[in-house]
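What the coordinates show
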Amino acid sequence: MTCDVIPVDRSIYESLQTELAQLRQVVKERKEPQISQPLSHNYRQISLFIEYTPAAIAIFDKQMRYLSASRRWREDYRLGDRELIGHCHYDIFPHLPQSWQEIHQRCLAGAVEHCEEDRIYHTDGSIDWLKWEIHPWYQDDGEIGGIIIFTEVITNRKCAEMALAESERRLRDIANNLPGAIFQFTNSHGTWRVDYISDFIYELAGITTSEIIEDLDNFFALIHPEDVDCCLASINHAITQNVPWKYEGRLIKPNGEIRWWQGESTPTKNEQGEMIFCGVLLDITARKQAEISLRELNEELEVKVQERTIALHQSEARLKRLADNVPGMLYEFRLASDGTTSFPYASSGCRDIIGIEPEQIQADGSLIYNYIHPQDIPKIQSAMSLSAQTLENYQSEWRIKTTTGERKSVKAVARPEPQPDGAIIWYGCLFDISEQQAALRDRKQALAKLKEQEEFLRTIYEGVPQIIFVVDVMENGELRYASWNSSAEIASGISQAEIAGKTLEYFHGEVEAKEVSQRYQRCIDSETSISYEEFLTINNQSSWWITTLNPLKNREGQVYRIVGTTLDITGRKKSEQALQESQHFIQRIADSSPNLLYIFDLEEKRNVYANQELYKFLGYSQTDFENMGENLIPNVTYKDDLPKVLDHWQKLTTIADGEIVEIEYRMQKANGELCWLYSRDTVFNRNNNGQVKQILGVSADITERKQAEILLQQQATSLQNALSDLKRTQIQLIHSEKMSSLGNMVAGVAHEINNPVNFIHGNLSPASEYIEDILRLLDLYAEHFPEPPLEIQEEIEAIDLDFLKVDLMKLVKSMRIGTDRIREIVISLRNFSRLDEAEVKEVNIHEGIDSTLMILHNRLKSKPNHPEIAVIRNYATLPLIECYPGQLNQVFMNILSNAIDALEDPRLGNKSREIHITTELVNHDTISIRIADNGIGISEEIISKLFDPFFTTKDVGKGTGLGLSISYQIIVDRHQGKLSCHSLPDGGAEFVIEIPILQTQPQKLATANKS
């Protein structure tokens, strides 16, 4: 399908675009009459756009150094992550042909170069085809700054074109040298496609190759009605059985002539499962006529006829596939003499266009009118009636609505042929032109928009207060004014009609006109826009103007007109002069100050001003500050103080004018030296929204003061650490001496108790035996002398002998239990004191816990003011532990005593008191001991101070605050373990002790040395 394009004069279009750009610049200058600021933000946006655009784009300066390059550029030229910015293009591609360098130089001179197809040779020997275009880009002063190269790799397309051309040439050679119509049909899962058929088909069937390719049904429609079923059966047999196809039959050409044809093909299946029929269709009419008249021809001639018949069948099949796959719908429309209409033939394209099957149209020709827009039916019938009367080709366009509801625009082209019976048959094709119609609507909208834009530009031209003028460049090089806007009329007092056609001397005079002419000539020679400031005399008054000249080119590329804009900047010039004088005065004051003065822009995050003392102090130049831009503060501020500086900036955005905010921070000089600064900042400038834009600050060097403060702080910290170590050592000495005395006393008491108890316990066994013997003897006496004397009976009754015999044995048993209890207490005292175990030993940790509980047994018993405290042991199977037993028992004593103290709190009321002791093996080298109570718990604030020396929550006289501190040192320092405490969710507190099973040898030696 083609697209109807309405041509537009390129010079007119470019002129309008140029004027639009110029006028936009004028409006911008009007809105921003002050000195333009650096467009670094726009540059970053452009760089990001080029970086991520999907096209291959690169920007170079005049030395062909990379300024920017897109990712597609790196991919197409296989540059990977190689650094490009700042490197010369010829260094990146050292083997670049001289012809490319010549093209680059022409573009740097102002030319625009492009090429639709070009080759590029890679270093690995491979070749790529390129489509490229090169444009120069211009700086603000109108000078060429470099070039922009746009490229597109078209290797795949070029290779496909060459392969297609070679294939077509080979196929044409084959077709032109074969006596028949060669073809290739493809059956794709029941759908026929005509890939190719040679021109011989016209001689055979009377229809062109294009008609068959458009719709294979055009060929099938010519098959003799008596032969259609047989032909289709032969094709289906070849497809289903995958056998060669051969067929011969009759065709009825469009002129009514009957021809015999023969087709032959060997079907093959491709990887997609499609059946490919490649073969030939032969005209065997002469042979068939000879068969009718000369049936007695020899067998050899008959075989040849059959072969040609098979070829003809193959041609027919290919014709059908061509017709089925042609874009659009091929059809045969019949208008009978009685006015009835029908479709003798319709190709499968009607499915794509209308959404119905060909058989439906062939069965009912009027069905197609159901899908045509009602307003278009009269137009279609009128065009058909005219074609029937004149026998001229039929052509019409109309709108349809498909079975799926889709709306389309279609176009029909057909050729009428009268029939012997008075009917007329149109052979034609129906195309989908929806896309063409949409394109036409877009073009109309574009023209309307262009016209609207022209009106808009004209409004701006006449309405802006800036002066806009047009100068014509005559063929002899002379310059004459063509026109200027109303603002120029007001400023000069000369109307547009008067100035038209006048020379420069007419307005400027001889002297001034010569200078103005030189500037105009420079614009013409450079063929680019230029801007400059000029001092002119208008109406006998001298004034300053800033003028921009833009050249316009004709079709031949010659400058034929200059459009200029100018703005009166006399007031600005006077302001600049006054500002320069004021700035010079302030600069001298600032440079003579011993302090560091600066102005910083918080929005742009860059330094606006700094006096010489600041540059001298930090060791940077003004250029260094400008190059660092928004990275200045992150580069020169010490990294640990950068968050403080950012918070300081945030605080400055909220203060009032005149308010001062102070800060002390560190900065890094150019030589790497750190220095301390004390700064006082205030608001210097605000933006249009009232937000703080710039701050004014004064800084002083306080490095020496800070160094002195740091030294004093370090000394104070050292003294504090020494005092803490001294206190800790003193506590340890006092506690060690206390525990040593207590251990000696406990050991002595245990020893003194142990001797008499052992004496009593050792005599209880024989005493028990003696008493049993005496009682047995009394029983014998009673047995042999049942009636003792009266005096003995009275004594027996007085002493209640039966009771004495029973109670005496109970008394002995009670004495044994008492001595056993005393012995257990003695053993517990000895285990707790461990005077014979001052070094690391392997012990059963459960014995130490049990000994401690034995000593505390009296506190666990029920008393009038609180109930009994239950101890629940959850002991795991643990190995022997290397530890200092006496010290570890001391830890158990301190923690269990504190637990008992907590459970004696009257706030618990009648709540049951419990202590849970749990031991377990952690990993394979550590044991854990958990001692938990169900008291009121400990707050987080107290837990953080729990192990500090002298910290206690008990009343005065009830605790020293050393128990847990010493316990912590015993577990952590002596045993390299962990001691922690946390409150339980349901009340109470839990102490967790973790110590290693084995003590390391260096730790044993270190601990022994401390001891």
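About the criteria used
- Residues numbered from 1 in each chain as written.
- Predicted model: local features only at pLDDT ≥ 70, side-chain atom pairs only at ≥ 80, totals over all residues.
- Heavy atoms only, no water.
- Helix = DSSP H or I, 4+ residues; strand = E, 2+ residues; numbered from the N terminus.
- Buried < 20%, exposed > 50% of the residue type's maximum accessible area, 1.4 Å probe, protein only.
- Areas by Shrake-Rupley, 256 points an atom, 1.4 Å probe, with all protein chains shown as cover.
- pLDDT = per-residue confidence, 0-100.
- Contact = heavy atoms within 4.5 Å.
- Pairing = 2+ DSSP bridges.
- Patch = residues over 30% accessible without salt bridge, like charges linked within 9 Å, V, L, I, M, F, W, Y side chains within 5 Å.
- Salt bridge = Lys/Arg side-chain N within 4 Å of Asp/Glu carboxyl O.
- Lys, Arg positive; Asp, Glu negative; His and termini not counted.
- Charge placed at Lys NZ, Arg CZ, Asp CG, Glu CD.
- Polar contact = N/O pair within 3.5 Å; in protein donor to acceptor, adjacent residues only side chain to side chain.
- Axes fitted to C-alpha atoms, helices over the stretch in contact; angles between N-to-C directions.
- Core = buried A, V, L, I, M, F, W, Y, C linked by side-chain atoms within 4.5 Å.
- Phe/Tyr/Trp six-rings, centres within 6.5 Å; stacked < 30°, edge-to-face > 60°.
- Parallel < 35°, antiparallel > 145°, perpendicular 65-115°, else oblique.
- Left-handed = near helix turned anticlockwise from the far one by under 90°.
- Nonpolar A, V, L, I, M, F, W, Y, C, P; charged D, E, K, R; others polar.
- Expected span 1.5 Å × (residues − 1).
- Bend = angle between axes of the 7 residues up to and from the residue.

Side note on the overall build of the chain
Assigned secondary structure in the chain consists of 33 helices and 33 strands. Buried residues in the chain amount to 39% of all 1011 residues. Within the structure as shown, the chain displays about 58600 Å² of accessible surface, and the carbon and sulfur contribution to it stands at 52%.

Topic: the confidence of the model for the chain
For the chain, per-residue confidence averages 79 on the pLDDT scale, and 82% of positions sit at 70 or higher. No element of the chain has a lower mean pLDDT than helix α1 (residues 10-31), at 45, and none a higher one than strand β31 (residues 926-933), at 92. The low-confidence segment residues 1-10, where pLDDT is below 50, has twelve contacts with residues more than four positions distant or belonging to other chains. pLDDT under 50 marks residues 30-41. Its contacts with residues more than four places away, or in other chains, come to six contacts.

Examining the pairing of strand β11 (residues 275-283)
Most of β11 is tucked away, with eight of its nine residues classed as buried. Where strand β6 (residues 181-188) meets β11, seven bridges bridge the pair, whose relative direction is antiparallel. Note that in β11 the partner of Phe185 across the bridge is Phe277. Both strand β10 (residues 268-269) and β11 contribute to a ladder of two bridges, which runs antiparallel. Bridge assignment links Lys269 to a residue of β11, and that residue is Met275.

Brief notes about a negative patch on the surface
On the surface, Glu791, Glu794, Glu795, Glu797 and Asp800 cluster together into a patch of negative charge. Turning to its location among the elements, Glu791 is positioned in helix α26 (residues 790-799). Residue class for Glu791 comes out exposed when judged on its relative accessible area of 65%.

Observations regarding the side chain of Asn218
Note that Asn218 resides in helix α9 (residues 217-220). Within the structure, the side chain of Asn218 is placed 2.9 Å from the backbone oxygen of Glu211, a separation counted as a polar contact.

Quick look at the environment of Ala670
By the secondary structure assignment, Ala670 is in the loop between β24 (661-668) and β25 (674-686). Between the alpha carbons of Ala670 and Val636 there is a distance of 8.1 Å; along the sequence they are 34 residues apart. Apart from the residues lying within four places of it in its own chain, the contact partners of Ala670 are Leu618, Gly619 and Tyr620.

Overview of the sheet that holds strand β3 (residues 113-121)
Taken in spatial order, the five strands make up an open sheet running β2-β1-β5-β4-β3, and their pairing is antiparallel. Of all the strands in the sheet, just β2 (66-69) and β3 have a single pairing partner and so form its edges. If you compare each strand with its neighbour and ignore which way they point, the axes differ by 25° on average. Pairing analysis gives three bridges linking strand β1 (residues 56-61) to β2, with the strands arranged antiparallel. In the strand pairing of β2, Ala58 is matched with Ala69.

Notes on the pairing of strand β5 (residues 144-153)
Of all ten residues making up β5, seven are buried, and the element is well covered by its neighbours. Alignment of β1 against β5, held across six bridges, turns out to be antiparallel. Its bridge partner being in β5, Phe60 is matched across the sheet by Ile147. Between strand β4 (residues 127-138) and β5, which pair antiparallel in sequence order, lie five residues; one of them, Gly142, sits at a positive phi of approximately 90°.

Side note on the nonpolar core
One finds Ile895, Ile915, Ile929 and Ile993 to be the most contacted residues of the largest nonpolar core, which totals 38 residues. Those elements that provide at least two residues to this core are α28 (845-855), β29 (881-883), α30 (885-903), β30 (913-922), β31, α32 (963-974), β32 (978-983) and β33 (989-996). Here the element with the most residues in this core is α30; it accounts for nine residues. Sequence-distant contacts of Ile929, defined by excluding residues within four places in its chain, comprise Ile845, Ile849, Phe892, Thr918, Thr919, Phe991, Val992 and Ile993. Core analysis: the second largest hydrophobic core is formed by 34 residues, Leu251, Met275, Ile284 and Ala311 among them.

Here's the deal with the environment of Ala414
Note on placement: Ala414 falls in strand β15 (residues 407-418). Taking relative accessible area as the criterion, Ala414 reaches 3% and is therefore assigned buried. Linking Ala414 and Asn393, residues 21 residues apart in sequence, is a C-alpha distance of 5.8 Å. Setting aside anything within four residues of it in sequence, one finds Ala414 in contact with Tyr331, Asn393, Tyr394, Trp426, Tyr427 and Gly428.

Thoughts on the packing of aromatic side chains
Each aromatic ring pair is characterised by the separation of its centres together with the angle its planes make. For the structure shown, the criterion picks out 20 aromatic pairs. For the pair Tyr331 and Phe343, a centre-to-centre distance of 6.1 Å together with 70° between the ring planes defines the contact as edge-to-face. One end of the pair, Tyr331, is in strand β12 (residues 329-335); the other, Phe343, is in strand β13 (residues 341-346), and twelve residues separate them in sequence. Its relative accessible area of 6% is what places Phe343 among the buried residues. One aromatic cluster is present, formed by Phe60, Tyr66, Trp73, Tyr77 and Phe93 through successive ring pairs.

Quick notes on unusual backbone geometry
Even without a glycine there, the phi angle at Met64 is positive, about 60°. Residues other than glycine seldom take positive phi values, yet Gln976 does so here, at roughly 55°.

Description of the environment of Leu430
As for its position among the elements, Leu430 is in strand β16 (residues 424-432). On the basis of relative accessible area, Leu430 is assigned to the buried category, the value being 3%. For the pair Leu430 and Ile353, spaced 77 residues apart in sequence, the C-alpha to C-alpha distance is 8.4 Å. Not counting residues up to four positions away in its chain, the partners in contact with Leu430 are Gly328, Met329, Tyr331, Ile353, Trp398, Val410, Lys411 and Ala412.

A closer look at the packing of α30 against α32
For the pair α30 and α32, interaxial distance at closest approach is 9 Å and the crossing angle is 140°. Looking at the two axes, α30 sits oblique to α32. When you trace α30 past α32, the crossing you get is left-handed. Contacts from Gln887, Leu888, Gln890, Val891, Asn894, Ile895 and Asn898 in α30 reach Gly963, Leu964, Ile966, Ser967, Ile970, Ile971 and Arg974 in α32. Classifying every residue of the contact of α30 with α32 gives seven nonpolar, six polar and one charged.

Observations concerning the sheet that holds β25
Pairing within the open sheet is antiparallel, and its five strands lie in the order β23-β22-β26-β25-β24. The sheet is open, and its two edges are formed by β23 (606-610) and β24, each paired on a single side. If you compare each strand with its neighbour and ignore which way they point, the axes differ by 35° on average. As defined by bridge partners, β24 adjoins β25 across eight bridges and the pair is classed as antiparallel.

Focus: helix α19 (residues 504-526)
Compared with an ideal rise of 1.5 Å per residue, which puts 23 residues at 33 Å, α19 spans 20 Å between its outermost C-alpha atoms and falls more than 12% short. Helix geometry: α19 is bent most strongly at Glu510, by close to 110°. Taken together, the buried residues of α19 touch β17 (467-473), β18 (479-484), β19 (530-538), β20 (541-553) and β21 (559-568).

Focus on α32
For the α-helix, the turn length of 3.6 residues means that residues three or four positions removed from each other point alike. Between its first and last C-alpha, α32 extends 15 Å over twelve residues, near the 16 Å set by a 1.5 Å rise per residue. The set of residues buried in α32 consists of Leu964, Ser965, Ile966, Ser967, Gln969, Ile970, Ile971 and Arg974. Gln976 sits one or two positions beyond α32 and adopts a positive phi of about 55°.

Looking at the packing of α28 against α30
Describing two packed helices takes the angle between their axes plus the distance from one axis to the other. Contact geometry of α28 with α30 gives a least axis separation of 9 Å together with a crossing angle of 45°. In terms of their interaxial angle, α28 and α30 are classed as oblique. Judged by the twist between their axes, the crossing of α28 over α30 is right-handed. Here α28 contributes Ile845, Gly848, Ile849, Thr852, Leu853 and Ile855 to the contact with α30, which in turn contributes Leu888, Asn889, Phe892, Met893 and Leu896. Partitioned by chemical class, the residues of the contact of α28 with α30 number eight nonpolar, three polar and no charged.

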